[in-house]
Protein chains: 2
Amino acid sequence: MALNSLGREIPESYAGRKLVPYGDPYSITPSGSVAARRLRRVNPGASKLLSSLREAIEASGLKDGMTIATHHSLRNGDFLLNRLVAEIADMGIRGIWIASSSVHPVHAEIIPHIKSGVVAGFHCGVNGLIGEMASRGELSCPIVVRTHGGRARAIMEGSVQVDVAFIAAPCCDEYGNMNGYSGPSACGSLGYAQTDALHAACVVAVTDNLVPFPVVPVSIPQTLVDYVVTVDRLGDPAKIVSTTTRITTDPVGLQIASFASQVIEASGLLKDGFSFQTGSGGISLAVSDKVRNAMRRGNIKGSFGCGGITGYFVEMLEEGLFGALMDVQCFDQEAVKSIAKNRAHQEIGADMYANPFNAGAVVNRLDCVILGATEVDTSFNVNVNTESNGYLLHNTGGHSDTAAGAKLSIIVAPSIRGRLPIVRDRVTTVTTPGETIGVVVTERGIAVNDRHPELKEELIRRKLPVKEIGELQREICRVTGTPQPLQFEDQVVAVIEYRDGSIIDAVRRVKE
Amino acid sequence: MALNSLGREIPESYAGRKLVPYGDPYSITPSGSVAARRLRRVNPGASKLLSSLREAIEASGLKDGMTIATHHSLRNGDFLLNRLVAEIADMGIRGIWIASSSVHPVHAEIIPHIKSGVVAGFHCGVNGLIGEMASRGELSCPIVVRTHGGRARAIMEGSVQVDVAFIAAPCCDEYGNMNGYSGPSACGSLGYAQTDALHAACVVAVTDNLVPFPVVPVSIPQTLVDYVVTVDRLGDPAKIVSTTTRITTDPVGLQIASFASQVIEASGLLKDGFSFQTGSGGISLAVSDKVRNAMRRGNIKGSFGCGGITGYFVEMLEEGLFGALMDVQCFDQEAVKSIAKNRAHQEIGADMYANPFNAGAVVNRLDCVILGATEVDTSFNVNVNTESNGYLLHNTGGHSDTAAGAKLSIIVAPSIRGRLPIVRDRVTTVTTPGETIGVVVTERGIAVNDRHPELKEELIRRKLPVKEIGELQREICRVTGTPQPLQFEDQVVAVIEYRDGSIIDAVRRVKE
């Protein structure tokens, strides 16, 4: 065990890999080269079309112990990963690592295949039951949770080698050109899959919508795709929307949104060239709404909106409030329609979105990002991976990436959730380091990180309820009481990898 | 010396590299991996903007003996390469190799710097005076002529390592996102530069049109660009058009075009899904015009038009005769306007266009390509590099790539040029092997390669003037007489690299 700079106990190694404890957000500099894929040759007349998923798995050369990847652009509506794992199990292949861009509750279907040893581990975070069962010691599979940018880094630097990428391709031609703009499983941006296509040893396009050559616009090109196979259905695009897409009507949420938007206005960032990211939750949308109104009032022309894109940001683009949308993932059908239509709605890969090891990702250009939290501590460290019961229930997504990149990252969260205080002495798990968090906004007050003294002063001048974070904590705990500390076993069930590959925390088995 | 399969004498080595003699178009299979670029890290807040080209050269770490690249999308209107070489000379750096995508007559300005040793050689073909002077023994600089696809291959496999790519960026932001769609030097597609950006050790964007972040659509992303520098002017886009863009009015040309279009109709390829490439010359456009009319008459919906794109193909796209344009390079201002506007006008990199060592380039999907020739021999081998005086005057472009990829490649050429017969016993230089050429069309008759027996039969059935190529040659020579064979020294002034890296011919010094 070693302590990292945040005082978290990090094992020496995990799942056969020596671990580097987290130090700070910006220092680790890569020394190696981009992981190289084999050159290949496909002569004119050769066909890439295969007749079944099984045939594609066979053609890919998938063997025991190898690593596969899928993308999560269909989110909880994805059918492919479950089908793949079932087929792999049926073929008698074992010990497969899953390096998908994310795993969702729908993928609980693969739990029997984890138990049987078909699936050996996860090179990605997991949402839902798999993490919960791992936290309870009911599943024995290493889980390495990565940020979206960190996953791109790991694949690009070769610390995760994807042997076969199976890419759900909502619109695909027989030579492998694809996009996600149309078809029964249209999901918009294929941003996560772009990294896989560039670096996987073998790339299989899986489609339920084979169209005549060539698919244009090309999101992933034929030059990277080895095989093409059709299936009945890739997924249910109605389930792309995983959280609400309506502005909250809850008074607590509205109060938080009001404070957050006032923080943005006070920050001095809300001027021509403003760039912004929010998630798709009800509070985030309420903040967006207030920011939009402020931009209209001030006649402000923003630079770009980023991240998982919602219809709300599409409206802002079409209204001229943003010059561009940088879209790694569409969060709703309005975004899917827009990316197919609006030239300034730019599809970007996860590398361009958030990888710390390139010549500069889009997150580096963010002025402001609105982020959630399950817990925050008095050093501004944020947890989004585990719930306060200690269960690993959520993937990191772009949380740490945008916090590290943006000039101002704002955590919005109700002060009390499930009768527990949002602010803790020590978060159950550190997802995102406090040194990259600017402000924590609750309905009971606003805590500003000391790294932003001018903003703090301005908020006080504007008579906003600025409180020291410890003060905010004490105020909340007067209502909730101080929660009992959770009890954990020594067993590490997952590690939380920071975007640069260092380990920011370990998730341990909950003592029950 | 070794003889390659076409009987050409190939030196054992050239410019320090051991050579592989050409064998056939499809057999060489790559064994290595894609050349890997260093990972890098650019933290938020870092600036990439430099104040002068000189500062950019310094920042890039360019040293004696290194290799630079520029793209030729501005063709004979490019200002950048001359300025760069002058600056490099001024800085006292020597022995630089130029691995640009092409060099044009305008770059004759660098000849003094070749003589003085600032420029050591060319990892690319050259158009104009540099090649002529090399052919006459007046310049001592190795020249390795490559096809567009072969250049992408060489850079991707690392046999050419570009140390610094200077990319003329007609529309660029301070973080290096760029496209060629707008600005005073708009050139449309940046297809050639994409390869350089992905693989050069250092990438410098050079722009005369710095616009607010972010440039969208993104043709080359910020993640690949190390520095951004502004200059007064990148070039003169009026000079993008290097040949005529009008349909020929010459009766010989019209006769050839008429025959060629009848060959296409007879081939059975002209049906729904038809894909087509032509150049921008007067005869090519006349063929396009006839093909367009045939498509209209037959209500044929083509698949895609490819290659250097002209306004003529744009009209066909907009008319619905093609579903897409695959554009590595815009050949006129109509194409530039279209690529910025038409979503089905797809920008593609040289890798996707024509690299033989990927999972399948666009040329593999071509039904038919119309190509030129300075000479053809009785084995259908084609020369486009040297003129019949033996001077190296032209780069290969996509000639060999498209011929190898297309189902049917048609050479269109007048039977007599400069009083010399187009058909020879032996071409001065082999650019493209006869085994990839389908038909040679002259105004005096049509020669069909034995590889297309059914087409030959159909042309005869249609009463077109089909002749054996030897017969065609004799008929032409009855007018022109048999030309005196050229005399060459032993000295090799350039090698012609086939798209797979083997050497298809060597160009020797002309005896004068």
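Residues numbered from 1 in each chain as written. Chains lettered and ligands numbered in written order. Predicted model: local features only at pLDDT ≥ 70, side-chain atom pairs only at ≥ 80, totals over all residues. Heavy atoms only, no water.

In the annotation of an unreviewed UniProt entry, the entry for chain A reads Citrate lyase alpha chain, and the organism field reads Citrifermentans bemidjiense. Check the Subcellular location (unreviewed entry) section of the UniProt entry for chain A; it says "Cytoplasm". (UniProt positions renumbered as here; feature names shortened; annotations may be inferred.)

Caption draft 1: Layout of the overall build of chain A. Helix and strand content of chain A: 14 helices and 29 strands. Over its C-alpha atoms chain A spans a radius of gyration of 22 Å, differing by no more than 12% from the 24 Å that the globule rule assigns to 512 residues. Along the first, second and third principal axes, the C-alpha set of chain A runs to 70 × 55 × 40 Å. For chain A, the residues scored as buried account for 65% of the 512 residues in total. Excluding contacts between residues fewer than 6 apart, the proportion of contacts in chain A whose partners are at least 24 apart in sequence is 72%. Element-wise, carbon and sulfur atoms account for 48% of the exposed surface of chain A, whose accessible area totals about 17,000 Å². (Helix = DSSP H or I, 4+ residues; strand = E, 2+ residues; numbered from the N terminus. Rg over C-alpha atoms; globule rule 2.2 N^0.38 Å. Buried < 20%, exposed > 50% of the residue type's maximum accessible area, 1.4 Å probe, protein only. Contact = heavy atoms within 4.5 Å. Areas by Shrake-Rupley, 256 points an atom, 1.4 Å probe, with all protein chains shown as cover.)

Caption draft 2: Structural context of the interface of chain A and chain B. Taken together, the contact between chain A and chain B spans 62 residues of the former and 62 residues of the latter. Here chain A and chain B share an interface that buries about 5,000 Å² over both sides, 57% of which is from carbon and sulfur atoms. A salt bridge links A:Glu174 to B:Arg365, with the nearest nitrogen and oxygen atoms 2.7 Å apart. The interface formed by chain A and chain B includes 36 residue pairs in polar contact (both at pLDDT 80 or more). (Buried area = accessible area lost by both parts, 1.4 Å probe. Salt bridge = Lys/Arg side-chain N within 4 Å of Asp/Glu carboxyl O. Polar contact = N/O pair within 3.5 Å; in protein donor to acceptor, adjacent residues only side chain to side chain.)

Caption draft 3: The arrangement of the pairing of strand E19 (residues 368-371) of chain A in detail. Residue and element names in this part refer to chain A. Residues of E19 alternate between two faces, with Cys368 and Ile370 on one and Val369 and Leu371 on the opposite face, all of them buried. Judged from the two bridges that link them, strand E15 (residues 275-277) and E19 form a sheet pairing that is parallel. Along E19, the bridge assignment pairs Phe276 with Cys368. Across four bridges, E19 lies against strand E22 (residues 408-412) in parallel orientation. (Pairing = 2+ DSSP bridges.)

Caption draft 4: Geometry of the environment of A:Ile348. Residues and elements named next belong to chain A. Mapping Ile348 onto the fold places it in the loop between strand E18 (345-347) and helix H11 (350-354). Judged by relative accessible area, which is 1%, Ile348 ranks as buried. Other than its neighbours up to four places away in sequence, Ile348 contacts Ser189, Gly191, Gln194, Met326, Asp327, Val328, Tyr353 and Val362.

Caption draft 5: View of the relation of the copies chain A and chain B. Mapping chain A onto chain B leaves a residual RMSD of 0.0 Å; the transformation is a rotation of 180 degrees accompanied by 0.0 Å of translation along its axis. Viewed as a symmetry operation, the transformation between the two copies matches a two-fold axis. Residues of chain A ranked by C-alpha distance from the rotation axis are headed by A:Ala36, positioned 2.8 Å from it. In this assembly, 100% of the residues forming the interface of chain A have copies in chain B that are likewise at the interface, indicating an isologous arrangement. (Least-squares fit on C-alpha atoms with pLDDT ≥ 70 in both.)

Caption draft 6: Structural context of the packing of helix H7 (residues 251-267) of chain A against helix H8 (residues 282-298) of chain A. Residue and element names in this part refer to chain A. Remark: H7 packs on H8, axes separated minimally by 8 Å, with the N-to-C direction vectors making an angle of 40 degrees. With respect to H8, the element H7 is oriented oblique. As H7 packs across H8, the resulting crossing turns out to be right-handed. Here Gly253, Leu254, Ile256, Ala257, Ser258, Ala260, Ser261, Ile264 and Glu265 of H7 lie close against H8, whose contacting residues are Ile283, Ala286, Val287, Lys290, Val291, Ala294 and Arg297. (Axes fitted to C-alpha atoms, helices over the stretch in contact; angles between N-to-C directions. Parallel < 35°, antiparallel > 145°, perpendicular 65-115°, else oblique. Left-handed = near helix turned anticlockwise from the far one by under 90°.)

Caption draft 7: Spotlight on the packing of helix H1 (residues 53-60) of chain A against helix H2 (residues 80-90) of chain A. Residues and elements named next belong to chain A. At a closest axis distance of 10 Å, the pairing of H1 and H2 adopts a crossing angle of 70 degrees. Of the possible angle classes, the one that applies to H1 and H2 is roughly perpendicular. In this structure, H1 crosses over H2, and the sense of that crossing is right-handed. Between H1, through Leu53, Arg54 and Ile57, and H2, the contact on the second element is made entirely by Leu80, Arg83, Leu84, Glu87, Ile88 and Asp90. By residue class, the composition of the contact of H1 with H2 is five nonpolar, no polar and four charged. (Nonpolar A, V, L, I, M, F, W, Y, C, P; charged D, E, K, R; others polar.)

Caption draft 8: Region of interest: the sheet that holds strand E9 (residues 144-145) of chain A. Taken in spatial order, the three strands of this open sheet run E9-E28-E29 (chain A), and their pairing is mixed. Since the sheet does not close on itself, it has two edges, and those belong to E9 and strand E29 (503-510) of chain A, each with one partner.

Caption draft 9: Region of the structure containing the packing of aromatic side chains. Considering all chains together, one arrives at 12 aromatic pairs over all chains under this definition. Each ring, one from B:Tyr22 and one from B:Tyr498, has its centre 5.1 Å from the other, and the planes form 75 degrees; the classification is edge-to-face. A residue pair is termed long-range when its members are at least 10 positions apart, and B:Tyr22 in the loop between strand E4 (17-18) and strand E5 (49-50) and B:Tyr498 in the loop between strand E28 (488-497) and strand E29 (503-510) qualify at 476 residues. Comparing B:Tyr22 with B:Tyr498, the two get one shared label, buried. Connected via pairs of aromatic rings, a cluster forms that spans A:Phe274, A:Phe276, A:Phe313 and A:Phe322. Seen from the ring of B:Tyr175, A:Arg365 lies directly overhead, with NZ or CZ sitting 4.7 Å from the centre. Stacked on the ring of B:Tyr175, the Lys or Arg B:Lys48 has its end atom at 4.3 Å from the ring centre. (Phe/Tyr/Trp six-rings, centres within 6.5 Å; stacked < 30°, edge-to-face > 60°. Lys NZ or Arg CZ within 6 Å of the ring centre and 35° of its normal.)

Caption draft 10: Structural context of the pattern of salt bridges. Residue and element names in this part refer to chain B. Counted under the stated rule, the structure contains 56 salt bridges over all chains. The salt bridge partner of Asp226 is Arg40, with a shortest N-O separation of 2.4 Å. Here the residue Asp226 occupies a position in the loop between strand E13 (202-207) and strand E14 (227-230), and Arg40 occupies one in the loop between E4 and E5, the gap between them amounting to 186 residues. What makes Asp226 buried here is its relative accessible area of 16%.

Caption draft 11: Just unusual backbone geometry, in detail. Residue and element names in this part refer to chain B. Residues Phe213 and Pro214 are joined by a peptide bond in cis, for which omega reads -10 degrees. Take Pro214: it is sitting in the loop between E13 and E14. Cis geometry is adopted by the peptide bond preceding Pro217, which originates at Val216 and carries an omega value of -10 degrees. In this fold, Pro217 is placed in the loop between E13 and E14. Positive phi outside glycine occurs at Arg75, with the angle close to 50 degrees. Summarising the element assignment, Arg75 is placed in the loop between strand E6 (67-69) and helix H2 (80-90). With a relative accessible area of 6%, Arg75 lands in the buried category. Its identity as a non-glycine residue notwithstanding, Arg419 has a phi of 70 degrees, on the positive side. Note on placement: Arg419 falls in the loop between strand E23 (416-417) and strand E24 (420-421).

Caption draft 12: Spatial organisation of helix H10 (residues 333-341) of chain B. Residues and elements named next belong to chain B. Looking only at H10, the buried set comprises Ala335, Val336, Ser338 and Ile339. One side of H10 carries all its buried residues, which in axial view fall inside an arc of 165 degrees. Exposed side of H10, more than 90 degrees from the buried face: Lys337 and Lys341 are the residues found there. Lining the buried residues of H10 we find strand E16 (302-309), helix H9 (311-318), strand E17 (322-330) and strand E18 (345-347). The N-cap of H10, judged by a side-chain oxygen 3.3 Å from the amide nitrogen of Glu334 a few residues on, is Asp332. (Arc of directions from axis to C-beta.)

Caption draft 13: Expanded view of the side chain of B:Gln473. Within the secondary structure, B:Gln473 is located in helix H14 (residues 469-480). Those residues in contact with B:Gln473, other than ones at most four positions away along the chain, are B:Thr378, B:Val423, B:Arg424 and B:Asp425.

Caption draft 14: Region of the structure containing the side chain of B:Thr442. Residues and elements named next belong to chain B. With respect to the helices and strands, the residue Thr442 is situated in strand E26 (residues 439-442). Taking the relative accessible area as the measure of exposure, Thr442 reaches 0% and is therefore buried. Separated by 3.0 Å, the side chain of Thr442 and the backbone nitrogen of Arg444 make a polar contact. Apart from residues no more than four positions distant in its own chain, Thr442 is found in contact with Ile256, Phe259, Ala413, Ser415, Ile422 and Leu472.

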